[in-house]
Amino acid sequence: MPIKFLIGFSLVIGLSHPGISFAESIASLTLKPVQSIVIDTSKKFQGTKLGGFSGLYLQSHQLYTVTDDRGRFGEPRIYRYEISETKLKNAPFELKLQEKISLLKKTKNLPVYDLEALAGYDGGWLVSSEGDLNSKPKIAPEILFIKNKSIQQKIELPNEFMPEFEGKQIAGLYNNKAFEGMFYDEHDKRLYLLSESGLVQNKDGDQVFYILEYANSDGNFAFKKKSKLDFSQLIGPNFIYNGASDFVKVSENTFLLLSRSVQAALSLQYTNTVWLIKRKSENDALEVKGKYTLNSDGDNDDLNQNYEGMAIYESNGKKYLIMVSDDNFNKFEKTVFSFFELEVK
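Cut-offs and rules
Residues numbered from 1 in each chain as written. Predicted model: local features only at pLDDT ≥ 70, side-chain atom pairs only at ≥ 80, totals over all residues. Heavy atoms only, no water. Helix = DSSP H or I, 4+ residues; strand = E, 2+ residues; numbered from the N terminus. Rg over C-alpha atoms; globule rule 2.2 N^0.38 Å. Buried < 20%, exposed > 50% of the residue type's maximum accessible area, 1.4 Å probe, protein only. Contact = heavy atoms within 4.5 Å. Areas by Shrake-Rupley, 256 points an atom, 1.4 Å probe, with all protein chains shown as cover. Lys, Arg positive; Asp, Glu negative; His and termini not counted. Charge placed at Lys NZ, Arg CZ, Asp CG, Glu CD. Pairing = 2+ DSSP bridges. Axes fitted to C-alpha atoms, helices over the stretch in contact; angles between N-to-C directions. Salt bridge = Lys/Arg side-chain N within 4 Å of Asp/Glu carboxyl O. Polar contact = N/O pair within 3.5 Å; in protein donor to acceptor, adjacent residues only side chain to side chain. pLDDT = per-residue confidence, 0-100. Core = buried A, V, L, I, M, F, W, Y, C linked by side-chain atoms within 4.5 Å.

Caption draft 1: Structural view of the overall build of the chain. Per the secondary structure count, the chain includes zero helices and 25 strands. The C-alpha radius of gyration of the chain comes to 19 Å, within 12% of the 20 Å expected for a compact globule of 345 residues. Counting only C-alpha atoms, the chain reaches 55 × 50 × 50 Å along its principal axes. Across the 345 residues in the chain, those meeting the buried criterion constitute 56%. Look at the contacts in the chain between residues 6 or more apart in sequence, and 55% of them connect residues 24 or more apart. A total of about 15,900 Å² of accessible surface is found on the chain, and carbon and sulfur atoms cover 47% of it. Looking at charge distribution, the chain has the averaged site of its 42 positive side-chain charges lying 3 Å from that of its 45 negative ones.

Caption draft 2: Representation of the sheet that holds strand β9 (residues 115-121) within the structure. The strand order across the open sheet built from four strands is β9-β10-β11-β12, with neighbouring strands paired in antiparallel fashion. Strands with a single pairing partner mark the edges of an open sheet, and in this sheet they are β9 and β12 (150-155). Put simply, the sheet's adjacent strands are angled 25° from each other on average, direction ignored. Across five bridges, the pairing between strand β11 (residues 142-147) and β12 is antiparallel. Each bridged residue has a counterpart across the sheet, and for I146 the counterpart in β12 is I151.

Caption draft 3: Highlighting the sheet that holds strand β8 (residues 93-102). Judged by pairing direction, the sheet is antiparallel, and its four strands sit side by side in the order β5-β6-β7-β8 without closing on themselves. The open sheet is flanked by β5 (53-59) and β8, the only strands paired with a single partner. Within this sheet the neighbouring strands show an average axis-to-axis angle of 25°, counted without direction. With five bridges connecting them, β5 and strand β6 (residues 62-67) associate as antiparallel partners. Within β6, the position partnered with L56 by the bridge is T65.

Caption draft 4: Local environment of the pattern of salt bridges. One pass over the structure, following the stated rule, counts 22 salt bridges. Residues R80 and E99 are paired through a salt bridge, measuring 2.8 Å at the closest nitrogen-oxygen approach. A residue pair is termed long-range when its members are at least 10 positions apart, and R80 in strand β7 (residues 77-85) and E99 in strand β8 qualify at 19 residues. The exposure class assigned to E99 is partly exposed, which follows from its relative accessible area of 31%. Among the charged side chains, a salt-bridge network with shared partners connects E180, E196, R260 and E308.

Caption draft 5: A look at the side chain of E116. Mapping E116 onto the fold places it in strand β9. Of the polar contacts made by the side chain of E116, one reaches the side chain of S54; its length is 3.4 Å. In this structure E116 touches S54, G55, V66, D68, S128, E130, F179, E180 and E308, once residues within four positions along its chain are discounted.

Caption draft 6: The arrangement of the side chain of K228 in detail. On the secondary structure map, K228 appears in strand β18 (residues 220-230). In this structure the side chain of K228 is engaged in a polar contact, spanning 3.4 Å, whose partner is the side chain of D204.

Caption draft 7: Geometry of unusual backbone geometry. Following K136, the chain continues into P137 via a peptide bond in cis, with omega recorded as 0°. With respect to the helices, strands and loops of the structure, P137 is situated in the loop between β10 (124-129) and β11. One non-glycine residue, N148, lies in the positive phi region at around 55°. Assignment of secondary structure puts N148 in the loop between β11 and β12. Non-glycine residue K203 carries a positive phi angle of around 55°. A residue is classified by how much of its surface remains accessible, and K203, at 76% relative accessible area, is exposed.

Caption draft 8: Focus on the confidence of the model for the chain. Within the chain, residue pLDDT values average 90, and 91% of them lie at 70 or more. Of the regions scoring below 50 in pLDDT, residues 1-12 engages in 53 contacts with residues more than four places distant in sequence or in other chains. The low-confidence segment residues 14-25 (pLDDT under 50) makes 31 contacts with residues lying over four places distant or belonging to another chain.

Caption draft 9: Molecular detail of the nonpolar core. Ranked by internal contacts, the top residues of the largest apolar core, which has 22 residues, are L126, F179, M182, L191, L193, Y214 and F221. Every element with two or more residues in this core is listed here: β9, β11, β15 (179-185), β16 (190-195) and β17 (208-217). Considering every element that reaches this core, the biggest residue donor is β17, with four residues. By size, the runner-up hydrophobic cluster in this structure holds 21 residues, among which are L56, Y79, L97 and F339.

Laid out in structure tokens, this is it:
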């Protein structure tokens, strides 16, 4: 049975202030689990180790995922899977690994690229790197356009998101908590970036996220808008970690945001939540309209994973939300592609 949430209020997310107010409204998000495909990461593919999948991009039947291995097991790279459909009721989808796409050639002087999100663009790739503020020299978060194994453009981030130090960090995004989510809207020529957490100078912590919007004009990305999302009233305080990990557009001014939390337990326990977010127009505030929590009853280990990527796939008049988990390159977690039938009203 699909799980459906009807919410009789909306959380209004301010564009420039942290306050929260409520407005009467009703919206629904329906997600029905269809299938989970566990990837065998014990075998190498084209000389590289699989795992660390941290973002998704879909084009037709081709599903692309980026790895966040920070150069430990190969060059910065993307893997391409092909989606095919079967006639099996309990396993309607198949994934076949087709290609490794090298973004940059691995060299001794290559900086640490901690790639967390991607989008196809102009024959190349938009990617988000969280950098490394513990390295020497420190490597700041970056949004890059890479094509033909070369960095073509670095998209400028607002100053408040760049790290500053006076001995300790005094400003910018928290280390290893930069832009985990990315979506490029080809139709509207608009780029969306989602931060995993908040800003040091605001003492935001890990229950506040930011969405940055850029307009693309003739290949130039201009910053247009910032939205602050304070989830402190929506994500409980009983977690040892919270973070936002991806953002996709469903339709005009309607989006899905993925967050994940970690519980204190004898084994890894993840709470992954998909949030339905809407606005009346791009000039209005974003509003949380609904949510779906994966594996809320805890009986499916394949859904108790570290999900970090989302993409929307359409077939035979239906929409499916595909999610991928990051196994963090350890044996206690899995690399899983999960398919959910999706309906948004």
